[in-house]
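# Structural characterization, general
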Amino acid sequence: MMLVIVCLLAACTGQSASERVIPDPNRQSEWRQVSIGFFLNEEFNPDVLAFAESLNTMLISSTSENLHGDQQHLQVSQEPKYLLPAESNLSTKLQMPSNPAAAERLKQRLKLHLLHQFISFQVQHTNRLDIPASLSSTIWGEYKSGLAELSQDYPVLVQGNFQIYAADNAIGVLAYSRRNDQKRAYIAYNLSFDVHEMPLPFGFMSSTKVSLWESDVGQLRTFVTSSPLLIRPLTAVIVLVG
C-alpha cells in the first residue's frame, strides 16, 4: 500500500502564505528517537507508512516571522509507533557487526538516520546512540561536513516548508520535500535492497535542471533530467530545483 499526500499541508490546515509547516522544535528529542527506532531498528523491518504517520504527528504550522510564537499542531498528537522508551539505551545494540556485509548495511542506515536528523533540525552533533565507537570519526566528520556545506549553499534544505508526499511499504521508499518561494528540495529514502525510481510530486517536469546528491556518493552534480531518477538500495537522494 502506498500513501501519497495529494493536498498541500498548508491548504489542509488553512495555513497562510506567511506560515510554514516544520518539525516541532519542542519535540526534537522525540523526533530523533522515532528516527533511531525506524532507521536503526535491530530487526530492520521498517514500516514506512507508520513512520510517515509518526512524523506527521510532530509537525507544526508556524509563522516565518516568529517560529516560537503561536504554533498550530497539524494533527492531534499521539504516541508515534517508533518512539523508544525513555530508558532505552541503544549504545550496546549499535556495535558494528563482525560480518562485513552486515557492517556495511549498518553504515548505510546510519547515514540515512543522520541525513534525516540534519534535514529536520540541522543537527550536526552525534553521540553513542548515533555512531558506534568502532566507526572512524574521520568518515563521519567528512559526511557531516558535506551536509553542512550543502545546507549553506541551499538553506531551503533545512529551513523550507516540510511535506511528506510519498510513503510506500511495498517498495520501502519514503519521500518528503522542503521548499520556499524560490527553491525546492526533494528527499527520498530507499529502505529496501532493490533499486527503485525516485518518487517526485505530480507536475514535476521530465526535463528539468536539477542538482542531485546521493548519500553513498556525497557529491553534488547538476544536470538536466532525461529519464527517471533512481535510488540505490539503502541510500537516500536529494534533488534540488531552482
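Okay, so let's go over this structure. This is a predicted model, so every value here is computed, not measured.

### Let's talk about the pairing of strand S9 (residues 209-214)
Across the six residues that make up S9, a large majority, five, are buried. Pairing geometry for S9 and strand S10 (residues 220-224), over five bridges, is antiparallel. Its bridge partner lying in S10, tryptophan 213 is registered against leucine 220. Between S9 and S10, which pair antiparallel in sequence order, lie five residues; one of them, glycine 218, sits at a positive phi of approximately 80°. As paired elements, S9 and strand S12 (residues 235-241) share four bridges and run antiparallel to each other.

### Let's talk about the pattern of salt bridges
As enumerated under the stated definition, the model contains four salt bridges in all. Where arginine 221 meets glutamate 214, a salt bridge forms, and the shortest distance between an N and an O atom there is 3.9 Å. For aspartate 216, the salt bridge is made with arginine 232, and the minimal N-O distance between the two is 2.8 Å. Remark: arginine 232 occurs in the loop between strand S11 (230-231) and S12 and aspartate 216 occurs in the loop between S9 and S10; sequence separation between them is 16 residues. We classify arginine 232 as partly exposed; its relative accessible area is 34%. Shared partners join several salt bridges into a network, and the residues in it are Glu214, Asp216, Arg221 and Arg232.

### Describing helix H2 (residues 28-39)
In this model H2 runs 16 Å from its N-terminal to its C-terminal C-alpha over twelve residues, within 8% of the 16 Å that 1.5 Å per residue would give. For H2, a buried count of ten out of twelve residues is recorded, marking the element as mostly surrounded by other parts of the structure. Those residues of H2 that fall on the buried side of the exposure criterion are Glu30, Trp31, Arg32, Gln33, Val34, Ser35, Ile36, Gly37, Phe38 and Phe39.

### Some details on the side chain of serine 177
Among the structural elements, serine 177 can be located in strand S6 (residues 173-179). Judged by relative accessible area, which is 2%, serine 177 ranks as buried. For serine 177, the residues in contact, after removing those within four places along its chain, are Asn161, Phe162, Gln163, Tyr165, Ala185 and Tyr186.

### Let's talk about unusual backbone geometry
Of note, the phi angle at phenylalanine 44 is positive, near 45°, even though the residue is not glycine. Inspection of the secondary structure assignment puts phenylalanine 44 in the loop between H2 and helix H3 (48-56). The phi torsion at leucine 234 lies on the positive side, around 55°, for a residue other than glycine. Position of leucine 234 among the secondary structure elements: in the loop between S11 and S12. Classification of leucine 234 by relative accessible area gives buried; the value is 3%.

Basis of the calculations
- Residues numbered from 1 in each chain as written.
- Predicted model: local features only at pLDDT ≥ 70, side-chain atom pairs only at ≥ 80, totals over all residues.
- Heavy atoms only, no water.
- Buried < 20%, exposed > 50% of the residue type's maximum accessible area, 1.4 Å probe, protein only.
- Helix = DSSP H or I, 4+ residues; strand = E, 2+ residues; numbered from the N terminus.
- Pairing = 2+ DSSP bridges.
- Salt bridge = Lys/Arg side-chain N within 4 Å of Asp/Glu carboxyl O.
- Expected span 1.5 Å × (residues − 1).
- Contact = heavy atoms within 4.5 Å.

On their own, these measurements won't tell you what the molecule is for.
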